[in-house]
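Chain by chain, the residues run as shown.
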Amino acid sequence: MNLTTLDQPIPLYTLEQDPILGSKLFSMARFEGTLTHHSELLIPHRKDYYLLGFIRQGGGRHWVDMIPYEPKDQTFYFFAPQQITVKEEPKPTWGTAFAFTQEFLALQENTMLRALPMIQNPENGHELALSEADVVFVEDLLDKIYSEYLTSGVWHQRMLSAYLQVLLTYLSRLYTEQFERTTFSAETQLLKKYQSEINKHFHQLHQVSDYASLLHVSAGYLSEVIKAQSSKSAITHIHDRLVLEARRLLFHSEQSLKEIAFGLGFSDASYFSRFFKRETQVTPAEYRAATRRMYQ
């Protein structure tokens, strides 16, 4: 597997830079036995957009945040912004992919999409298994979306948004069935908002009280709700996010421990090392060495 180097930090690709789906807010592509992987996708990278796709057949193994996935036929895959992904090798793929940005979700006709489980992804999922009936329904909608994508006119954007709403709502129902997610309550929404704020600010904010201020609730109430909703303490969510990012960088980059520590908001590299070992039972150096031996 390729790695980034000190002179080449993990790149962040915008949708406009995508070699296949390049566009500004929304883009779509079909693959009929074509090679979908360009060289820039064969190194660890992040995307600042959502990427979703139905793989009818083929595709090479890919990694999402250090987890390898062997593509399965008749499966729907989805990626969230900021995850570190990498393809292992170019392989022929049959299927359809589409992508959109946060700005696309902010458009008035698309705002309800943001609340769907497929977009919120509370279970940190990546793939949905489809039944034969699901495949028929999904492929039919993808055909309609692609046809509308290739057209223009006064109603183009509304039609595109309407089809997307139906598709993502259908997939969200499958998501909740496959991940056994319960109905969102006010407390669940607070958990999601808390996790969202952590994703935005974990490089700078490491205390529960910081996030309580952002969410306009008391630290005690926030801690109580988070514990009840997730079975994990509020501070554990912050620590887990820091450890995830540290693991990403230790695995995919050649940044020094000092650079990683400072990038995650630790003023002292030795404190970062003690924190990482406390959370994972191994030092950052031991983790890097062990994962490199295991996966390369």
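Since the model is a prediction, treat every value here as computed from it, not as a measurement.

A. Structural context of unusual backbone geometry. Even without a glycine there, the phi angle at Gln74 is positive, about 55°. Along the chain, the position of Gln74 falls in the loop between strand S6 (67-69) and strand S7 (75-79). Residues other than glycine seldom take positive phi values, yet Gln281 does so here, at roughly 70°. Here Gln281 is to be found in the loop between helix H10 (269-280) and helix H11 (284-295). The exposure class of Gln281 is exposed, given its relative accessible area of 59%.

B. Seen up close, helix H5 (residues 186-201). The terminal C-alpha atoms of H5, which comprises 16 residues, lie 22 Å apart, in line with the 22 Å expected from a rise of 1.5 Å per residue. If you check which residues of H5 are buried, you get Thr188, Leu190, Leu191, Lys192, Tyr194, Glu197 and Ile198. If you follow the buried residues of H5, they end up packed against helix H2 (117-120), helix H6 (208-215), helix H7 (219-230) and helix H8 (234-252).

C. Local environment of the packing of aromatic side chains. All chains considered together, the criterion is met by 18 aromatic pairs. With 6.1 Å between their ring centres and 55° between their planes, Phe78 and Tyr175 make a pair best called tilted. You can see Phe78 sitting in strand S7 and its partner Tyr175 sitting in helix H4 (residues 156-179), a full 97 residues away along the chain. For Phe78, a relative accessible area of 3% translates into the label buried. By relative accessible area, Tyr175 is classed as buried at 0%. Relative to Phe179, the ring of Tyr175 has its centre 4.6 Å away and its plane inclined at 45°; by these criteria the two rings are tilted. Taken together, the residues span about one helical turn, with Tyr175 and Phe179 both in helix H4 at a distance of four residues. Connected via pairs of aromatic rings, a cluster forms that spans Phe26, Tyr50, Phe76, Phe98, Phe100, Phe104, Tyr146 and Tyr149.

D. Region of the structure containing the environment of Leu171. Tracing the backbone through its elements, the reader meets Leu171 in helix H4. Residue classification places Leu171 among the buried positions, given a relative accessible area of 0%. Separated by 43 residues in sequence, Leu171 and Leu128 have C-alpha atoms that sit 8.2 Å apart. Non-local contacts of Leu171, meaning those with residues more than four positions away in its chain, are made with Phe76, Met118, Leu128 and Val138.

E. A look at the sheet that holds strand S3 (residues 45-47). Across the sheet, five strands lie side by side as S1-S3-S8-S5-S6; this open sheet has mixed pairing. Of all the strands in the sheet, the pair left with one neighbour each is strand S1 (12-13) and S6.

F. Inspection of the pattern of salt bridges at higher detail. Taken as a whole and assessed by the stated rule, the structure comprises twelve salt bridges. A salt bridge links Glu32 to Arg56; the nearest nitrogen and oxygen atoms lie 3.0 Å apart. Of this pair, Glu32 sits in strand S2 (residues 26-35) while Arg56 sits in strand S4 (residues 50-58), and the two are 24 residues apart along the sequence. A residue is classified by how much of its surface remains accessible, and Arg56, at 28% relative accessible area, is partly exposed. For Lys232, the salt bridge is made with Asp240, and the minimal N-O distance between the two is 2.7 Å. You can call Lys232 partly exposed: its relative accessible area is 31%.

What counts and how
- Residues numbered from 1 in each chain as written.
- Predicted model: local features only at pLDDT ≥ 70, side-chain atom pairs only at ≥ 80, totals over all residues.
- Heavy atoms only, no water.
- Helix = DSSP H or I, 4+ residues; strand = E, 2+ residues; numbered from the N terminus.
- Buried < 20%, exposed > 50% of the residue type's maximum accessible area, 1.4 Å probe, protein only.
- Expected span 1.5 Å × (residues − 1).
- Contact = heavy atoms within 4.5 Å.
- Phe/Tyr/Trp six-rings, centres within 6.5 Å; stacked < 30°, edge-to-face > 60°.
- Pairing = 2+ DSSP bridges.
- Salt bridge = Lys/Arg side-chain N within 4 Å of Asp/Glu carboxyl O.

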